[in-house]
Amino acid sequence: MQEVLVLGAGYAGLKAVRSLQKHSGDFHITLVDRNKYHYEATELHEVAAGSHSKDKIIFPVADVISDKVTFIQDEVVQVIPEKNSVVLKSDRTLTYDIVVVSLGFRSETFGIKGALENALQMVDIDTAEHIHHHIVNMMAKYRETKDKNYLRILICGAGFTGVELAGAFADERKRYAELAGVSENDIEIVCVEAAKRILPMFDDKLAQYGVDLIKKRGITLMLGSMIKEIKPGEVVYVTSQEDAAPLQSISAETIVWTTGVSGSAVMTESGFNERRGRVVVNADLRDPNHDNVYIIGDVSAFMDSQTNRPFPTTAQIATRMGAHVATNIVHQLKGEALEDFTYKALGTVASIGNTNALGLVGKAKVKGYPASFVKKNIVNKSLVEMGGLKELLAKGRFDLYH
Ligand code: NAD
């Protein structure tokens, strides 16, 4: 019997398993993940802000895999393609005939001093929950000290993650204010962003709409501010590209780092030909150097022939890749030719709080409350793809605005 090993139960890996387990054939699947649950990484900002408990965005992997699959809860340390083996943190070694590497993202610091030590990360359920607990503590500290730095929540980077997080914080402002015993306006939410213009995937008009929406929610956008260092309770930045540009700083007791992501460190550990943890894959989603290694999701870079750049890493492309590798693995096990992956993004919608959003669906622009409805439906559709209707029902997510 052939052994198919899938590393990571995120959007890409879990979709691969769910698609593969539907096929009959002389193969067995093993799935490894450090957690017993799958989480909706696109919704971490809601847990970080405390709008939802983690239970709303996680479900047990065991709920959605069949008897064909063995699940191992462990952490992948290294893939050794030359030996068709994978080393786990428990020191156990697994071997495979075919491996799917779908180990997801980590926070990218670009080597900026203090970013890991002095800023909060938002990369998984634990770190998202930690941000919320931290904010609750800071509000309590304000009550003791009356130091306004405890009321300032600072987000580094105003990419999609940063603006969605800022919107979620703005939604929770009233609750934070009550905890601190201040008025809502005293809770400051600030985004520090290097670029002068945010939301680069949207045209000028839609991006400006986004900026106006962010400002209307009382979020301060510091554009053109390149972060150079994070000190404890302090973000150091420059507002000019010149070498001699004076260093400026802003202090805050909550600093969250969202300046971009790279692929899992395991890609470097394993000696793959990677850049920022991502491997440029063949059209069939395999590693160019190994015929039995598929690399998908955030650890993979799939080139867009129209722009000659890799597609951005999103849950949408990861899920499509997961389904595609299942098809190709079945072909490969039968000795058939593989199919090339093709991808066309269905659209991009970013939320700014619970009832506002903006984005593109196909070529159509969506804005405001209707866009938030579109966004929630995209997220629910994704949950059905990953967990089935059962999970959607279990989470009570038909009631979109609760
Ligand atoms: P990103 O790379 O899209 O944005 C990071 C932002 O941080 C950029 O605006 C960048 O200019 C800024 N930045 C980087 N270094 C900086 C510095 N030193 N100082 C100040 N600012 C700095 O990263 P992301 O927002 O984490 O998103 C990662 C991926 O996930 C993207 O492909 C994104 O599109 C996707 N995503 C999609 C959604 C959605 O579809 N709703 C939501 C979240 C993330």
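See above for the structure.
As a starting point, this report considers the structure included with it. These figures come from a predicted structure and were not determined experimentally.

1. Some points on the layout of surface pockets
Move 1: Here the second largest pocket is characterised by a volume of approximately 260 Å³.
Move 2: Met226, Val238, Thr239, Ser240 and Gln241 are the residues nearest the centre of the second largest pocket, which is lined by 14 residues in total.
Move 3: Considered class by class, the residues forming the lining of the second largest pocket number five nonpolar, five polar and four charged.

2. Quick word on the pattern of salt bridges
Move 1: Applying the stated criterion to the full structure yields twelve salt bridges.
Move 2: For the salt bridge of Lys113 with Glu229, the shortest nitrogen-to-oxygen distance reads 3.9 Å. Of this pair, Lys113 sits in the loop between β10 (105-107) and α3 (115-118) while Glu229 sits in strand β15 (residues 226-231), and the two are 116 residues apart along the sequence.
Move 3: For Asp203, the salt bridge identified is with Lys365, shortest N-O distance 2.7 Å. Of the two residues, Asp203 sits in the loop between β13 (188-192) and α7 (204-216) while Lys365 sits in strand β29 (residues 364-367), which places them 162 residues apart along the sequence.
Move 4: Residues joined by salt bridges that share partners form a network here, namely Lys15, Arg320 and Glu385.

3. Section: the site of the ligand
Move 1: Close to the ligand lie 20 residues; Thr161, Glu193, Ala194, Ile227 and Val349 are nearest.
Move 2: In isolation the ligand exposes 850 Å². Once the protein is present, 76% of that is buried.
Move 3: Listing elements by their share of the shell around the ligand, those giving two or more residues are α5 (160-171) and β15.
Move 4: Among the elements that take part in the shell around the ligand, α5 stands out by supplying three residues, more than any other.

4. Points about the nonpolar core
Move 1: Counting 56 residues, the largest nonpolar core has Leu7, Leu31, Val86, Leu285 and Ile295 as the members making the most contacts within it.
Move 2: Excluding residues within four positions of it along the chain, Leu31 makes contact with Val6, Gly8, Ala9, Leu14, Val17, Val61, Ile65, Val69, Thr70, Phe71 and Ile72.
Move 3: Judged by nonpolar contacts, the second largest core, of 48 residues, contains Ala48, Ile155, Ala166 and Leu206.

5. Side note on empty space enclosed by the protein
Move 1: Inspection of the entire model under this criterion finds two cavities of 30 Å³ or more.
Move 2: A volume near 30 Å³ is recorded for the second largest cavity.
Move 3: Every residue lining the second largest cavity is listed: Arg278, Gly297, Ser300, Ala301, Phe302, Phe311, Pro312, Thr313, Ile317 and Met321.
Move 4: Considered class by class, the residues forming the lining of the second largest cavity number six nonpolar, three polar and one charged.

Criteria and cut-off values
- Residues numbered from 1 in each chain as written.
- Predicted model: local features only at pLDDT ≥ 70, side-chain atom pairs only at ≥ 80, totals over all residues.
- Heavy atoms only, no water.
- 1 Å grid on protein atoms, 1.4 Å probe; cavity = no way out; pocket = protein on both sides within 12 Å on 5 of 7 lines; lining within 4 Å.
- Points joined across faces, edges and corners; volume = space filled by probe spheres on them.
- Nonpolar A, V, L, I, M, F, W, Y, C, P; charged D, E, K, R; others polar.
- Salt bridge = Lys/Arg side-chain N within 4 Å of Asp/Glu carboxyl O.
- Helix = DSSP H or I, 4+ residues; strand = E, 2+ residues; numbered from the N terminus.
- Near = heavy atom within 4 Å.
- Areas by Shrake-Rupley, 256 points an atom, 1.4 Å probe, with all protein chains shown as cover.
- Core = buried A, V, L, I, M, F, W, Y, C linked by side-chain atoms within 4.5 Å.
- Buried < 20%, exposed > 50% of the residue type's maximum accessible area, 1.4 Å probe, protein only.
- Contact = heavy atoms within 4.5 Å.

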